[in-house]
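# Geometric and topological summary
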Amino acid sequence: MKQVTYNGLTFVPYIEKEKIAERISEIASEIKKDTPEGAIPLFVCVLNGAFPFASDLFRAVDTDAEITFIRLKSYEGMGTTGVVKEVMGLSENIEGRRIIIIEDIIDTGNTIKRLVDDLEKMNPADIKIATLLFKPDSVQCEVKPDYVGFPIPSKFIIGYGLDLDGMARNLPDIYVLKEQ
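About the cut-offs
- Residues numbered from 1 in each chain as written.
- Predicted model: local features only at pLDDT ≥ 70, side-chain atom pairs only at ≥ 80, totals over all residues.
- Heavy atoms only, no water.
- Phe/Tyr/Trp six-rings, centres within 6.5 Å; stacked < 30°, edge-to-face > 60°.
- Helix = DSSP H or I, 4+ residues; strand = E, 2+ residues; numbered from the N terminus.
- Buried < 20%, exposed > 50% of the residue type's maximum accessible area, 1.4 Å probe, protein only.
- Salt bridge = Lys/Arg side-chain N within 4 Å of Asp/Glu carboxyl O.
- Lys, Arg positive; Asp, Glu negative; His and termini not counted.

## Considerations on the packing of aromatic side chains
In total, this model carries two aromatic pairs according to the counting rule given. Between Phe-11 and Phe-156, the ring centres sit 6.1 Å apart and the planes meet at 50°, which makes this aromatic pair tilted. You can see Phe-11 sitting in strand S2 (residues 9-15) and its partner Phe-156 sitting in the loop between strand S8 (147-151) and strand S9 (157-158), a full 145 residues away along the chain. The residues Phe-11 and Phe-156 share a single accessibility class, namely buried. Ring centres of Phe-43 and Phe-58 lie 5.5 Å apart, and the angle between their planes is 80°; on these two criteria the pair is classed as edge-to-face. With a gap of 15 residues between them, Phe-43 in strand S3 (residues 42-47) and Phe-58 in helix H2 (residues 51-60) connect regions that are remote in the sequence. In this structure Phe-58 comes out as partly exposed when scored by relative accessible area, which is 25%.

Here you go:
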């Protein structure tokens, strides 16, 4: 893996695709083990960033399941705006269903908290959170993901769905902003 440059910023390798795939397989096993007999969980993928993780995780979970997509926005450039906007909402009836939210990263926690609060109003059986990356030092509200790929420090990262102004999402590995 070599370093990459976007918008004049240099990023260095952080988590390789093989390590990501291995951890996704472990999370899939945990989800299958935690899913009640006969339940058909509904995976709710938060677009755009969680798409690669959701795709790989959904296929790795060896049980009947469904998937749907929502789109929320709270980032611009390298920082959060602090405002969570729903761009594309949920159309399924989730009453009585096991919901597994699939998120690429939990940073401040504001986006996932807003989403959980909104989904709870629809009376699901329960809500679980699967996030590829978790920044525990950045969390500003009460958020406890059920499945965490990798806890990471509060650094800016790209790749494997995570972007910088829409770019770098298709990198198969995760990169971190190079220290100056």
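## Side note on the pattern of salt bridges
One pass over the full model with this rule turns up twelve salt bridges. The residue Asp-117 makes a salt bridge to Lys-113 at a minimum N-O spacing of 3.1 Å. Of the two residues, Asp-117 and Lys-113 are both situated in helix H3 (residues 110-120); the distance of four residues between them amounts to about one turn of the helix. Taking the relative accessible area as the measure of exposure, Asp-117 reaches 30% and is therefore partly exposed. Using a relative accessible area of 32% as the deciding quantity, one classes Lys-113 as partly exposed. Linked by salt bridges that have partners in common, Arg-23, Glu-26 and Glu-30 make up one network.

## Quick look at the side chain of Asp-173
Tracing the backbone through its elements, the reader meets Asp-173 in the loop between S9 and strand S10 (174-177). Notably, Asp-173 is buried but unbridged: the nearest opposite-charge side chain belongs to Lys-17, and the N-O separation is 5.4 Å.

## Concerning unusual backbone geometry
Cis geometry marks the peptide bond from Leu-47 to Asn-48; its omega dihedral reads 0°. Secondary-structure assignment places Asn-48 in the loop between S3 and H2. In the Ramachandran plot, Tyr-160 falls in the positive-phi region, its phi being about 50° despite a non-glycine side chain. Within the fold, Tyr-160 resides in the loop between S9 and S10. Classification of Tyr-160 by relative accessible area gives buried; the value is 8%. In the Ramachandran plot, Ala-168 falls in the positive-phi region, its phi being about 80° despite a non-glycine side chain. The residue Ala-168 is located in the loop between S9 and S10 in this model.

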